[in-house]
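Close look at the chain arrangement
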Amino acid sequence: MFTLSGGHVFPLYDAAVKADPPVRLVDVRHEQTAVFAAEATARLTRAPGLAVVTAGPGVTNSVSAVTTAWFNGAPLVLLGGRAPDYLWGRGALQEMDHVPLLAPVTKGAWTEHDKLSVAASVDKAFRLALTPHRGPVFCDFPLETIYDQAEVEFPDGPMPAPAGPDADDVARIAGLLAAARRPVLVLGSDVWLGGAEEAARAAAETLRLPVITNGQARGVLPRGHELLVTRARSAAFAEADLVIVAGVPLDFRLRYGSFGPKEAPARVVHVADAPEGIASHCTLAASAAGDLAAFFTLLAEAARPGGDPDWLGMLRNAGRASVAADADLLASDATPVHPMRVYGELLKALDDDAVVIGDGGDFVSFAGRLVEPARPGRWLDPGPFGCLGTGLGYAIGARLAHPSSQIVLLLGDGAAGLSLMDADTLARHNLPVVIIVGNNGAWGLEKGPMRAVYGYDVAADLRPGTRYDEVVRALGGAGEMITSPAEIAPALRRAFASGVPYLLNVITDVDAEYPRTTTGV
């Protein structure tokens, strides 16, 4: 239970500590961190996360985090306190109707007024959160409802099995594959969240499909796999004649569903875990909705390998060329440090089961390009909502979900300002995490683009050389500042060996902008 203490929800704490076995309580320094930690738990374990917040500002402080979980399809339950019904309308402390705020960004949001229905409401919330398409659920309780007592039967029964895709839809997609010369398969986070990673890999290998991975599907095909062409995604999207996208929206990350040459656009297939997830803003050649593991199993049975025999080889060559083009910057001796050199050293230090978390703009964009996990479900970023400040909450959840793995949090210095106080939470709860700040003294994702548009920038500078490492030391962890490339590797070794929250404050070159091809608008 991730929380920040509040009197409206004391009975939930009392129940947690007296349970057999007790529910672990992790108290944080900002309510959004509690929800981000619950979201990370959900996304890493594929079991629902739980956050509990007090009434009024406790709930309102959670809204951006709940919205992030909504965009990411993360199954979590947020339980809130609420001013008492018997004083409603008189101006009680933190009196506010929370439900209208949360309803647009949850699968369900309601107030439970009846003490006899509290257990049923909570059971409903968890079941709803886990039902595809997964997402957050909110329920709050008036003060007298959860401070009162009642005897009830706890709800019981297994979760219903998710519905499979329509066989005719799968057959239609198999037919498109048979006719395609340059097919590409794109896998997104719902492949992992839906437990479809093994079926997806088996289908790709059976059908010899080039694969691009996105979000938590990174690692479904591990780095080095012969079918993994993520580093050639530009060439793949530009030249494909069939793109099958599974488990991710056709949003700005995927060119809004527009692929292939202008003169001969690719046919697009969209596959989602629920009908409401199918794209309606672009023309689709086919679609399928339902359990993603069942979809990939059926597709592997219905389709056959095909396509141009040179297509995969061309993409693999493009991917190798992209990797080779990075070599000089990954080993750069420039001072201030080029962000790529940070990743050049980090990639050598990562274990196969490491969890890598990105929270930032330009600095983390480099990570998105360079970090290719060996296993699925080991990458976390804010997702398409783009909310900064997720990092410390994600790190808390990741450390608890994977107690023996390396947990690495990559922070831009802008993002650090939104959540770094929760390094105190890491220290108090003995949760060691390695935090790397790319400190270029700027809001890098805004500084360059504003210059490009206006010829100057404003409101884009931060204090140069801010000692974020000293902040973490003051909060009970450890850290150091790094100003030259040669210091990075030994500092990483010290950080991983420390057994405490440890921040590496790397002073990076503000002019080393990420060469992005899309702004998301």
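What this report covers is the structure whose coordinates are included nearby. (Residues numbered from 1 in each chain as written. Predicted model: local features only at pLDDT ≥ 70, side-chain atom pairs only at ≥ 80, totals over all residues. Heavy atoms only, no water.)

**A closer look at the sheet that holds strand S3 (residues 49-53)**
As a reminder, the rule being used: For two strands to be treated as a pair, DSSP must find no fewer than two bridges joining them. Numbering of helices and strands runs from the N terminus, with a helix taken as a DSSP run of H or I at least four residues long and a strand as a DSSP run of E at least two residues long.
As summarised here, the arrangement of the 6 strands in space is S2-S1-S3-S4-S6-S5, forming an open sheet in which the pairing is parallel. Of all the strands in the sheet, the pair left with one neighbour each is strand S2 (26-27) and strand S5 (108-111). Both strand S1 (residues 2-3) and S3 contribute to a ladder of 2 bridges, which runs parallel. Bridging across to S3, Phe-2 finds its partner in Ala-51.

**Some points on the environment of Val-105**
Short version of the rule: The criterion used for residue contact is that any of the two residues' heavy atoms lie within 4.5 Å.
By secondary structure assignment, the location of Val-105 is in the loop between helix H5 (99-102) and S5. Each C-alpha atom of the pair Val-105 and Phe-138 lies 9.5 Å from the other, and the pair is 33 residues apart in sequence. Among residues more than four places away in sequence, those in contact with Val-105 are Val-66, Thr-67, Trp-70 and Pro-136.

**Comments concerning unusual backbone geometry**
In this chain, Pro-132 is followed by His-133 through a cis amide linkage whose omega measures -5 degrees. Of note, the amide linkage connecting Thr-335 to Pro-336 takes the cis form, showing an omega dihedral of 0 degrees. Look at Arg-208: it is not a glycine, yet its phi comes out positive at around 55 degrees. Within the fold, Arg-208 resides in the loop between helix H10 (197-207) and strand S8 (211-213).

**Quick look at the side chain of Asp-140**
With respect to the element layout, Asp-140 can be found in strand S6 (residues 136-142). When residues no more than four places from it in sequence are discounted, the contact partners of Asp-140 are Gly-80, Gly-81, Arg-82, His-98, Val-99, Trp-110, Thr-111 and Glu-112.

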